[in-house]
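Residues per chain, in single letters:
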Amino acid sequence: VKTPTPETAGRLPLGVRLRLGREVAADLEGAYEELRARGLTAEQAWARARALVLPDAAAWTRLARVHRPLHAVLADRFSARAVERTERLAVIGVAGATILLMAGPLLALGPGSAPAPTLVPVFAAGAILAAVLASAAYRLLARSDADPDAMQAHLRATFALVAITVLVGGMGALADTWVFAARASAQPVTLPETMAWLGGTAHLLATALGLALGGALGWYVLLHAATRALGDLARDPWSASPPSTHPDPTLSLEMTS
Amino acid sequence: VAVEMQTLLRDVNELLVLSSLRDGAKHGYQIALDVESDSGGMFSFQHGTLYPILHRLEKDGLISGAWSRGGGRRRKEYTLTPRGRSALDGRSRTLGDIVARLLQVVRGAEAEAP
């Protein structure tokens, strides 16, 4: 179904636009069938259904007002630069807060235990992972301006960071074990040293796996939220549509007598 | 109480949709066609003007929309919620009062006219 795409439609969040496009397309078909059943010719029914169902510029403007994201309402009170700066600070804040939260397990290490050297890159990957997830959730849920390409990029980045976190943690544990084994074969190691190695390595692995699990959960939630919000693009009836053929906007209530 | 014409028109639009759903769930196009035929062509939603009304009512919780499959195609169907039903009753009374007042004024003016 080829339907008009007034510029005002662009103001609607993409997910809403897609769902609305489907609704309009289905109603167009339904109205056509109903009017045909009422005895109109195919041409008459089609023209009547189009006039009834296809939104004009005024209707799109009203729809954009109804579906205005909360972010847009709040952002209007500030300059675009101030909003951008706040958003950047928020992303940095999320990453910083994640690092602080992750510092907790470091302090929880037992006496005599030392954190593994590879714990720092694991924490860094975890902080970036949290920032990517927070940024994607913000664009999808608050700003409502996420497009499929951006969401795909976010999902790929999340997946890659989950893999990197597990890889760094695993490689770090392997390197620690290798170093400890080399030391143990050169000279006898004490029980406290063995316990410290065990504690550090277990801690590293637990941290990496915990972060990866959290990231995977975030990825799963994000994937579902994106699918729900963006829908199936293959069924987007607004893509490649001709300009509006309804230059005559009417009142929402048309009274005739 | 001052009546804003813009608000009144919006309320009438919403009332037409709510009353159309009183007897059961309907698709958007069915609401538009039914309002037009039930009013003998006096009221009609043209050029998709129904959708902002439907979506606003849905957002306000007065109607609920759900996708259903019929005839091989998924279509959105709207139903009146309990909140919508009480809003319909309340708004009908309010509109009745407004129309009664209007007629009172108009007929009074007619009676006074020479």
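For the structure itself, consult the block above.
Residues numbered from 1 in each chain as written. Chains lettered and ligands numbered in written order. Predicted model: local features only at pLDDT ≥ 70, side-chain atom pairs only at ≥ 80, totals over all residues. Heavy atoms only, no water.

Before going further, it helps to spend a moment on the pattern of salt bridges. Applying the stated criterion across every chain, the model contains 10 salt bridges over all chains. In this structure, the salt-bridge partner of E193(A) is R183(A), at a minimum N-O distance of 3.3 Å. Here E193(A) is found in helix α8 (residues 191-230), whereas its partner R183(A) is found in helix α7 (residues 148-186), with 10 residues between them in sequence. Take R183(A): its relative accessible area is 37%, and that puts it in the partly exposed class. When the shortest N-O distance is used, the salt bridge between K76(B) and E58(B) registers 3.1 Å. Of the two residues, K76(B) sits in strand β4 (residues 73-80) while E58(B) sits in helix α3 (residues 50-59), which places them 18 residues apart along the sequence. Overlapping salt bridges bring together R10(B), E14(B), R56(B) and R91(B) as one network. (Salt bridge = Lys/Arg side-chain N within 4 Å of Asp/Glu carboxyl O. Helix = DSSP H or I, 4+ residues; strand = E, 2+ residues; numbered from the N terminus. Buried < 20%, exposed > 50% of the residue type's maximum accessible area, 1.4 Å probe, protein only.)

Turning our attention to helix α1 (residues 14-37) of chain A. Two residues of an α-helix separated by three or four positions point the same way, owing to the 3.6 residues in each turn. Compared with the 34 Å implied by 1.5 Å per residue over 24 residues, the 34 Å span of α1(A) between its first and last C-alpha is a close match. Two residues or fewer after α1(A) comes G39(A), characterised by a positive phi angle close to 105 degrees. (Expected span 1.5 Å × (residues − 1).)

This part covers the packing of α1(A) against helix α2 (residues 42-53) of chain A. Residues and elements named next belong to chain A. It is at 8 Å that the axes of α1 and α2 come closest, and there the two elements cross at 140 degrees. Taken as axis vectors, α1 and α2 run oblique relative to one another. Where α1 crosses over α2, the two elements pack in a sense that is right-handed. Between α1, through V24, D27, L28, A31, Y32, L35 and R36, and α2, the contact on the second element is made entirely by A42, A45, W46, R48, A49, R50 and V53. In terms of residue class, the contact of α1 with α2 is made up of 10 nonpolar, no polar and 4 charged. (Axes fitted to C-alpha atoms, helices over the stretch in contact; angles between N-to-C directions. Parallel < 35°, antiparallel > 145°, perpendicular 65-115°, else oblique. Left-handed = near helix turned anticlockwise from the far one by under 90°. Contact = heavy atoms within 4.5 Å. Nonpolar A, V, L, I, M, F, W, Y, C, P; charged D, E, K, R; others polar.)

Read these as layout, nothing more, since geometry by itself doesn't imply function.
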